[in-house]
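# Residue-level structural notes
Chain by chain, the residues:
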Amino acid sequence: MTPDFAWLRRGVVEVFPQSVDVNSESLERLLLTTNQPLRIKLGIDPTGTDIHLGHSIPVRKLRGFQDAGHTAVLIIGDFTARIGDPTGKSEVRRQLTEADVAQNAQTYLDQVRPILDFDTPGRLEVRYNSEWLSKLNLEKILELLSTMTVGQMLAKEGFADRYKKENPIFIHEFLYPLMQGFDSVAVEADVELGGTDQKFNIAVGRDLQRHFGQKPQFGMLLPILIGTDGVQKMSKSLGNYIGLSEHPGQKYQKLQGVPDHLLSQYFELLTDLPLDKLPENPRDRQTLLAWEVVKQYHGEKAAQEAKEAAQSGGKEGAVPEFSLADVQQFPTKLAYILNATGLCKSTGEGKRKIQEGGVRLDGDRISDIDTTFASLAELQGKVLQVGKNKFVRLVP
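A quick note: this is a predicted structure, and the numbers were derived from the prediction, not measured. (Residues numbered from 1 in each chain as written. Predicted model: local features only at pLDDT ≥ 70, side-chain atom pairs only at ≥ 80, totals over all residues. Heavy atoms only, no water.)

## Some thoughts on helix α8 (residues 157-164)
Quick note on the threshold: We call a residue buried when its accessible area falls under 20% of the maximum for its residue type, exposed when it is over 50%, and partly exposed in between, using a 1.4 Å probe and counting protein chains only. Secondary structure follows DSSP: runs of H or I at least 4 residues long count as helices, runs of E at least 2 residues long count as strands, and numbering of each begins at the N terminus. Arc, as used here, means the arc of the directions from the helix axis to the C-beta atoms. The criterion used for residue contact is that any of the two residues' heavy atoms lie within 4.5 Å.
Here α8 has its buried residues at Gly158, Phe159 and Arg162. Taken down its axis, α8 places every buried residue within 95° of arc, on the same side. With respect to the buried face of α8, the exposed residues turned more than 90 degrees away are Glu157 and Lys164. Turning to α8, the residues buried within the fold contact α7 (150-154) and α9 (171-187). Of the residues trailing α8, Glu166 is marked for its positive phi of about 60°.

Okay, here's the thing in structure tokens:
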């Protein structure tokens, strides 16, 4: 079982611990000498409904390990999501309900399905960390807490910043790195994948594995993707993201607009194309990137349709438009708009689709049947979607 080390190293920022000499173990040496599949862990907390291309980077690396013959252990953090990862946060996260998390988890699995091998026996385990974390008693929690000091916790960048600024840090937030680390113990991980902001949490997993008599995992850190604005990390809140569930035409158009200086990174992290054989012309690179990524998630036919729509001058791809002038009055409920656009046959059907979780506005799932919009301006330019194949762009 000899992996393609060129692929496994592609886009990787750091693997730790590093081999210090020929006699110390390295991840490459372990991959070459193991006589059984390694267990490669990736944890995802379903704190929202949607995943963007930045989130896909560690998932794609997980697929690389699958293709090399190893077992992907995808942990849905249905328990840890109810705490919320404090990493990079200047204030405490809102705690989610169990129902919120369950609904979000299903959407996450649907969105990573085009990336991971769900079908080959032995290649994927999907685990929910409530399986073990919900069963921890006070004695076990005290044992976990005893493995770290307050000083070690405050060394974590986000905590240190908040403490310095006198922003509140709640005790339950200290539990998050320990619980994520205990996930590694529960699944006996050999390698854990994560963004560069997850090094502290992955290192805690190593410490806990050592504490519980296991061989510590390797950590593999991957870059944080810069968004389409070319400056800040990709984020829905910043509006510089490309969602995995977006309409192919919309996704194609956004990718064609990726700034020139980001193209190499996007190709390296989001495709498998040889980096030394890319077109020299930036415009040709943008077109190839758009084609390749849309094809990955929607298939070649959808990529071709999106390409043709873009070439014909359609500014937003093949998304049909609906004029909000046809909505007789505002405020108005979303269910009525679904009927007016023709996406649903009646307002009643619109309500049912919302309850079923099948309605999105600009990629955001809407689940409240009483959702109401006060004015046309709140909807202008947004894409309204029902299910996987029904879309309209709302225009004045």
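## Some remarks on the pattern of salt bridges
Note the cut-off: Salt bridge, as used here: a side-chain nitrogen of Lys or Arg that lies within 4 Å of a carboxyl oxygen of Asp or Glu.
The full count for this structure, using the stated rule, is 14 salt bridges. Taking the shortest distance from any N to any O, the salt bridge between Arg63 and Asp67 comes out at 2.9 Å. Residue Arg63 and its partner Asp67 are located together in helix α3 (residues 53-67), separated by four residues, close to a single helical turn. Overall, Arg63 belongs to the partly exposed group, its relative accessible area being 26%. Among the residues examined, Asp67 registers a relative accessible area of 55% and is labelled exposed. Between Glu125 and Arg127 there is a salt bridge, with the nearest N and O atoms lying 3.4 Å from each other.

## Concerning the sheet that holds strand β2 (residues 39-44)
Under the convention used in this document: When DSSP finds two or more bridges between a pair of strands, those strands are recorded as paired. Axis lines are fitted through C-alpha atoms, for helices just across the contact stretch, and the angle between N-to-C directions can take any value from 0 to 180 degrees.
Across the sheet, which stays open at both edges, the six strands sit in the order β1-β6-β5-β2-β3-β4 with mixed pairing between neighbours. Each edge of the sheet is formed by a strand with only one pairing partner; in this case those strands are β1 (14-16) and β4 (124-128). Strand-to-strand twist across the sheet, computed as the mean angle between neighbouring axes with direction ignored, equals 25°. Pairing analysis gives six bridges linking β2 to strand β3 (residues 71-76), with the strands arranged parallel. Along β3, the bridge assignment pairs Lys41 with Val73. Of the strands in this sheet, β2, β3, β4 and β5 (191-195) touch α9, which is tilted by about 145° from β2. Against the sheet, helix α10 (residues 199-211) makes contact with β1, β5 and β6 (218-222), and its axis sits at roughly 20° relative to β1, the strand it touches most.

## What about the environment of Lys156?
Its place among the elements puts Lys156 in the loop between α7 and α8. Separated by 45 residues in sequence, Lys156 and Asn201 have C-alpha atoms that sit 9.0 Å apart.

## Here's the deal with the packing of aromatic side chains
The condition that has to hold: Stacked, edge-to-face and tilted are the three classes for Phe, Tyr and Trp ring pairs, Trp counted by its six-membered ring, which pair at centre distances within 6.5 Å; planes under 30 degrees apart are stacked, over 60 edge-to-face, the rest tilted.
By the definition in use, this model includes two aromatic pairs. Ring geometry for Phe159 against Phe174: centres 5.1 Å apart, planes inclined by 75°, an arrangement best described as edge-to-face. Here Phe159 is found in helix α8, whereas its partner Phe174 is found in helix α9, with 15 residues between them in sequence. No difference in accessibility class separates Phe159 from Phe174, as the two residues are buried. With centroids separated by 5.7 Å and ring planes inclined at 70°, the aromatic side chains of Phe182 and Phe212 adopt a geometry described as edge-to-face. Note that Phe182 is positioned in helix α9 and Phe212 in the loop between α10 and β6, a separation of 30 residues in sequence. On the basis of relative accessibility, which here comes to 10%, the residue Phe182 falls in the buried class.

## A short note on the packing of α9 against α10
Note the following rule: Comment on the angle field: the value is read as roughly parallel under 35 degrees, roughly antiparallel over 145, roughly perpendicular from 65 to 115, and oblique elsewhere. A clockwise turn of the near helix away from the far one marks a right-handed crossing, whereas an anticlockwise turn of less than a right angle marks a left-handed crossing.
Relative orientation of the contacting elements α9 and α10 amounts to 55°, with a least axis distance of 7 Å. Overall, the two elements α9 and α10 adopt an arrangement that is oblique. Once α9 is placed against α10, the crossing between them reads as right-handed. Residues Tyr176, Pro177, Leu178, Gln180, Gly181, Phe182, Ser184 and Val185 of α9 lie in contact with α10, whose contacting residues are Phe200, Asn201, Val204, Gly205, Leu208 and Gln209.

## Some points on the UniProt feature "binding site: ATP" (unreviewed entry) in the protein
What counts, and what does not: UniProt positions are given in the numbering used here, feature names are shortened, and annotations may be inferred rather than shown by experiment.
Here the UniProt-annotated "binding site: ATP" (unreviewed entry) positions come out as Lys236. Here Lys236 is in contact with Asp50, His52, Tyr241, Gly363 and Asp364, once residues within four sequence places are set aside.

## Overview of the pairing of β3
Heads up, the condition is: Note on handedness: a crossover is taken as right-handed if, strands pointing away from the viewer, the path from the first strand over the helix to the second is clockwise.
A large share of β3 lies buried, amounting to six of its six residues. In β3, alternate side chains face the same way, and those of Thr71, Val73 and Ile75 on one face and Ala72, Leu74 and Ile76 on the other are all buried. Following the chain from β2 across α3 to the adjacent parallel β3, one finds a crossover that is right-handed. As paired elements, β3 and β4 share five bridges and run parallel to each other. Within β4, the residue paired with Leu74 across the bridge is Val126.

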